[in-house]
Amino acid sequence: MATAGHGVYDHIIVGAGVSGVLLARRLLARAYQARRSPHPRVLLIDPQPAGESPMTLAHWAQAPTPLEAWALASWDALTVVGHGGQTQRVPLGDWRYTALDWRAARSDLLAELSADPRLTLLPDTVSEVRDGIDDGAVRVAGRWIRGSWVYDSRPPEASPRQAPRRGRAVRLLQAFRGVWVESDSARSDHSAATLLDFAGDDGPDLGFSYTLPVAPSRAMVMAVRVGANPAPPDPLPAVRRELGDRGWRVVGEEGGVTALVSPPRPRAGNRVLRIGARGGRVRPSTGYALTRILADTEAIAASLDRHGHPFGIPREPRHQRVMDSLWLHAQATERAALESAYLALFKRAPIDVVLRFLDGHAGPAEAARIVAAVPPLPFLRAAARLALGR
């Protein structure tokens, strides 16, 4: 690992979260460096490179991902539970749903990156990012550091707003809190993960829980609430529904808050590219991000290789932007209707179409199948609000 200096770096990455770490690793990968830049100077800046709160990431894929080494468990089926407790088991076909330990992955990946002399890991905070014609710059501890390309993954600065009126942009918060639970006896079935459980949702915001049974007697139970100012979610009622009042114990906790923003801000400047949540890689309507970040990382590397700059990346398709706006508008104002819409997706649409929609990878024809599967009225009302806002 090199020492931070005052020269111009080839790449400056602000933030060593999921998007920052994966991009740093990809920029140093042999397949990229051999074609375009064999000795890139990469600066990765993060205030806490040595520490990370526990975080369990879950995603679905049809092929192994670069994070497969840190997988805790995977499943070939999901369950979805309605408000009344009705349960639907959904086989995933050739897809796998995988949970991974991001804290362990981040620690190992940062150790790998730190051993590379082409990378500088700077434990500090970026107070400002500045775009320029010939280079970008970041302000750290009162001094400016310049780079040919700057990738900004700082948390989005926009604060959430109340439910939309007359078609304004929507900014909601997705709050989540989970517990790791160990039970005295094995679960009767740990072959499927619970993706959406609405059985305990009785608050004003959209709320659900999900369960990741990584072993017969160990599971992560996460409670989620989505709203303009959601109440803190509590996962313990979901634990009690599954395991009863006794015979289990909490052995770990994790949680956080994610901003859901539609429409997202433009990503690219002259020399600065927003990545991760700041770059709209969190799907505004559903909150899923990991596979979008993985795809974005590959697209940035491919653009650098092909064009010499990182901006030749796919734009979000128009049909996807429209669906995000409609779904998020409806989510902000019609909690019960959104529960019905999610349940209808898994009942009426093919699972591969549903998974691509949730991740933001559905094409126009697949988007049409999603529209046909869900109750139309809440989304027609959302469309009317958007139209009145123009």
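Scroll up to find the structure.
Notes on the structure in this doc start here. It should be emphasised that the depicted structure is a prediction, and the values quoted were computed from it without experimental measurement. (Residues numbered from 1 in each chain as written. Predicted model: local features only at pLDDT ≥ 70, side-chain atom pairs only at ≥ 80, totals over all residues. Heavy atoms only, no water.)

Here's the deal with the sheet that holds strand 16 (residues 248–262)
1) Next: Taking strand neighbours across the sheet as the criterion, the 7 strands line up as 6-5-13-14-15-12-16 in an open arrangement whose pairing is mixed. The open sheet is flanked by strand 6 (87–91) and strand 16, the only strands paired with a single partner. Averaged over all neighbouring strand pairs, the angle between strand axes comes to 15°, with direction disregarded.
2) Next: Taken together, the 5 bridges between strand 5 (residues 77–81) and strand 6 define a ladder with antiparallel strand orientation. The partner of Leu78 across the bridge, within strand 6, is Val90. (Pairing = 2+ DSSP bridges. Helix = DSSP H or I, 4+ residues; strand = E, 2+ residues; numbered from the N terminus. Axes fitted to C-alpha atoms, helices over the stretch in contact; angles between N-to-C directions.)

Looking at helix 6 (residues 318–333)
1) Next: Across its 16 residues, helix 6 extends 23 Å between first and last C-alpha, which sits within 8% of the 22 Å expected from 1.5 Å per residue.
2) Next: Taken as a whole, helix 6 has its buried residues at Gln320, Met323, Asp324, Ser325, Leu326, Trp327, Leu328, His329, Ala330 and Gln331. (Expected span 1.5 Å × (residues − 1). Buried < 20%, exposed > 50% of the residue type's maximum accessible area, 1.4 Å probe, protein only.)

Quick notes on the side chain of Arg292
1) Next: Residue placement: Arg292 occurs in helix 5 (residues 290–307).
2) Next: Taking relative accessible area as the criterion, Arg292 reaches 3% and is therefore assigned buried.
3) Next: At a separation of 3.0 Å, a polar atom in the side chain of Arg292 contacts the main-chain carbonyl oxygen of Gly280.
4) Next: With residues near it in sequence (within four places) discarded, Arg292 still touches Gly280, Arg281, Val282, Arg283, Glu316, Asp359, Gly360 and His361. (Polar contact = N/O pair within 3.5 Å; in protein donor to acceptor, adjacent residues only side chain to side chain. Contact = heavy atoms within 4.5 Å.)

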